[in-house]
Amino acid sequence: MANHTEWKVRGGVIRIHLLEEDTYVEIANYRLDDNYFYGTIYYDDTKVKFRMNHTSSPNWNDYDYGYDCWTGYYAKPAPGVRAASGDAKPMRVFRTQE
């Protein structure tokens with residue numbers, strides 16, 4: 001399921017806010033190495049251990065990266081249109097090079 005998220009890392013715990021559902025998930029006791037990302041997901045009273053396998057990485061030479069902005073909650077301004085300064089929120093973006 002796709003969700004817009006906000007996340008923070010504090011004290012070694014990743015706290016993820018699932019915006020559409022207005023719920024929180026925490027990832028703790030995690031570890032990342034060359035082949036795996038694993039740890040424990042906490043959701044309310046549910047605790048689930050996970051292990052994700054690293055299968056591939058993008059060729060970062062095929063991407064442009066930097067900062068963009070959006071206005072309102074999720075809406076992005078049309079290309080080439082600047083948002084009002086009070087409405088603009090920075091957002092890190094990755095795009096396929098044209």
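The present account deals with the structure reproduced in this document. (Residues numbered from 1 in each chain as written. Predicted model: local features only at pLDDT ≥ 70, side-chain atom pairs only at ≥ 80, totals over all residues. Heavy atoms only, no water.)

Direction of pairing for strand S4 (residues 36-43) relative to strand S5 (residues 46-53): antiparallel, over a ladder of eight bridges. When the bridges of S5 are listed, Tyr38 appears paired with Arg51. What sits between the antiparallel neighbours S4 and S5 is a turn of two residues, in which Asp44 has the positive phi angle 55°. (Pairing = 2+ DSSP bridges. Helix = DSSP H or I, 4+ residues; strand = E, 2+ residues; numbered from the N terminus.)

Further remarks concern the nonpolar core. Side chains of a nonpolar character, in soluble globular proteins, are inclined to be buried together. Of all hydrophobic cores here, the largest spans six residues; its members are Ile14, Ile16, Leu18, Val25, Ile27 and Phe50. At three residues, the largest contribution of residues to this core is made by strand S2 (residues 13-18). (Core = buried A, V, L, I, M, F, W, Y, C linked by side-chain atoms within 4.5 Å. Buried < 20%, exposed > 50% of the residue type's maximum accessible area, 1.4 Å probe, protein only.)

Before going further, it helps to spend a moment on the pattern of salt bridges. Close approach of charged atoms lets side chains of opposite charge pair. Following the criterion strictly, the structure yields one salt bridge and no others. A salt bridge links Glu26 to Arg15; its shortest N-O distance comes to 3.0 Å. Placement of the pair is Glu26 in strand S3 (residues 23-32) and Arg15 in strand S2, with a sequence separation of eleven residues. Owing to a relative accessible area of 38%, Arg15 belongs among the partly exposed residues under this scheme. (Salt bridge = Lys/Arg side-chain N within 4 Å of Asp/Glu carboxyl O.)

Turning to the packing of aromatic side chains, a few remarks are in order. Aromatic rings considered in pairs are described by the distance between their centres and by the relative angle of their planes. Within the structure shown, the criterion is met by three aromatic pairs. Judged by centre distance (6.4 Å) and plane angle (65°), the ring pair of Tyr36 and Tyr38 falls under edge-to-face. For Tyr38, a relative accessible area of 25% corresponds to the partly exposed category. When the ring of Phe37 is compared with that of Phe50, the centres are 5.2 Å apart and the planes differ by 65°; the resulting orientation is edge-to-face. (Phe/Tyr/Trp six-rings, centres within 6.5 Å; stacked < 30°, edge-to-face > 60°.)

Quick look at the sheet that holds S2 now. Strand pairing in a sheet is mediated by backbone hydrogen bonds. Such pairs are either parallel or antiparallel. One open sheet accounts for five strands, arranged S1-S2-S3-S4-S5; its pairing is antiparallel. Strand pairing shows two members of the sheet lacking a second neighbour, strand S1 (5-10) and S5, which therefore form its edges. Put simply, the sheet's adjacent strands are angled 25° from each other on average, direction ignored. Both S1 and S2 contribute to a ladder of six bridges, which runs antiparallel. Its bridge partner being in S2, Glu6 is matched across the sheet by His17. (Axes fitted to C-alpha atoms, helices over the stretch in contact; angles between N-to-C directions.)

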